[in-house]
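# Summary of structural features
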Amino acid sequence: MKQASLELSLSVKKTRKREFLEQMDKVVPWQALIDLIAPYYPEGKKGRPPFSLATMLRTHFLQQWFTLSDPGMEEAFFDVPLYREFAQLPEFSRMPDESTILRFRHRLEKHKLAEQILATVNDLLIERGLLLKTGTVVDATLIAAPSSTKNNDKARDPEMHSSQKGNQWHFGMKAHIGADADSGLVHTVRGTSGNVHDVLEGNSLLHGQEVDAYGDAGYQGIHKRPDAKPGVTWHVAMRPGKRRALDKSNPLDQLTDQVEKAKAGIRAKVEHPFRVIKRQFGYVKTRYRGLKKNTAQLVTLFALSNLWMVRAKLQGAQG
C-alpha cells in the first residue's frame, strides 16, 4: 500500500495554493451565486445524476484562478487532492470530465451569467461599503490571442485584430474596464477586438452615477463624443509630449504638472485589477475563439479579482 492511499497528512506546512483557496473560499458569496445559477441548472430527473451546482461552480472558478483548460481541469482533479477538496468531491467518487465542465461553461455563456456574477459580487461589495459610485477610472489592456493557423479553418481568429503599441504590433483583443476611483474595484467590463480605440468604449464604461471620470491620454476628446453622458466631469491626462515640454521653472507650468501628477495617482488604481488577472491568476492569452466566450471569461476574472483585492477586509468583517 502506498503512502498516498493512507490519507495521512504528514506535512504541517500550509502551501500558498492552499492558503489562497482557503481565503477565496471565505470571501466568495457562494450561496448568492448558487441561487443565481440554479434556475438554469439541470435537475437531473433523467439520465446520470448531475454533479452538485456548488461543485461545478467551484470547478469553474478553479479554472479561472489556475488557467486550466477543460481537459486540464479534469486531469488536475486526479493529480491534485487539494482541488478535489475545494470542489467538495467526496473520496472515491466520480469526478467531472472535460465534457461536463465544458457544458457548464456553455450554460453560463448561453444565459449571460458572467455579467450577473460580477453584479452579484459588486452588490456584496457595495453592501459592505467597499465599492463607491462617485468616480470611475477607465482603461484598457491588450490580451494576446494565438496567432497560429494550425486549426480546422487554417486561419487566425477572425474576431481578433492587430494593434500597434509603441513600435510593436500585438494580435488579440482588448479588455476595457471601468473601475471605482477610490478602491480600484471593477464595475464594468467590455471586450473588443484589438484594433478598437480606447476612446470609443470610454463612455460605455460608466455606470451612470459617477460625478467624475478619469482616463489616460488615449481618452482625449471623450467628453465631446455623441455618447458622452451629461453631468460627468472628465479628467484626462495630458499627452506625454506636452507634459515633457512644460517649463518647471514657470509657476503655471509647475502647477499644471502637479495637477497631472494628482490625476495619475488616481488613475493608477485601474492598473491593479489588470495586475491581478495577469500576474495572480496568470491570464495573459485568450483561451477560446471569438469575442463572446473570451469576454465572458474576462468578466468572471474581474469579478474574482474584486474579491481577491478586498479579501482581507471581507474576512475582517466576517470575523
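The rules we used
Residues numbered from 1 in each chain as written. Predicted model: local features only at pLDDT ≥ 70, side-chain atom pairs only at ≥ 80, totals over all residues. Heavy atoms only, no water. Axes fitted to C-alpha atoms, helices over the stretch in contact; angles between N-to-C directions. Helix = DSSP H or I, 4+ residues; strand = E, 2+ residues; numbered from the N terminus. Parallel < 35°, antiparallel > 145°, perpendicular 65-115°, else oblique. Left-handed = near helix turned anticlockwise from the far one by under 90°. Contact = heavy atoms within 4.5 Å. Nonpolar A, V, L, I, M, F, W, Y, C, P; charged D, E, K, R; others polar. Phe/Tyr/Trp six-rings, centres within 6.5 Å; stacked < 30°, edge-to-face > 60°. Buried < 20%, exposed > 50% of the residue type's maximum accessible area, 1.4 Å probe, protein only. Lys NZ or Arg CZ within 6 Å of the ring centre and 35° of its normal.

### Concerning the packing of helix α1 (residues 16-27) against helix α3 (residues 53-66)
It is the contact of α1 with α3, at a shortest axis distance of 13 Å, that shows an interaxial angle of 130 degrees. Judged on the interaxial angle alone, α3 and α1 are oblique. In this structure, α1 meets α3 at a crossing whose hand is right-handed. Mapping the contact onto sequence places Lys 17, Phe 20, Leu 21, Met 24 and Asp 25 in α1 and Arg 58, Leu 62, Trp 65 and Phe 66 in α3. The residue inventory of the contact of α1 with α3, partitioned by class, reads 6 nonpolar, no polar and 3 charged.

### Re the environment of Glu 74
The topology assignment puts Glu 74 in helix α4 (residues 70-79). With 13 residues separating them along the chain, Glu 74 and Ala 87 place their C-alpha atoms 12 Å apart. When neighbours within four sequence positions are excluded, Glu 74 is seen to be in contact with Pro 96, Asp 97, Glu 98 and Ile 101.

### Things to note about the packing of aromatic side chains
Inspection of the entire model under this criterion finds 11 aromatic pairs. Here the aromatic rings of Phe 20 and Trp 65 are separated by 5.4 Å at their centres, their planes lie at 90 degrees, and the arrangement is edge-to-face. One end of the pair, Phe 20, is in helix α1; the other, Trp 65, is in helix α3, with 45 residues separating them in the sequence. Judged by relative accessible area, Phe 20 falls into the buried class, the value being 8%. Of the aromatic side chains, those joined through ring pairs into one cluster are Phe 20, Trp 30, Phe 61, Trp 65, Phe 66, Tyr 83, Phe 86, Phe 281 and Trp 308. The ring centre of Phe 66 lies 5.2 Å from the NZ or CZ of Lys 17, which sits over that ring. Lying over the aromatic face of Trp 30, Arg 58 brings its terminal NZ or CZ to 4.2 Å of the ring centre.

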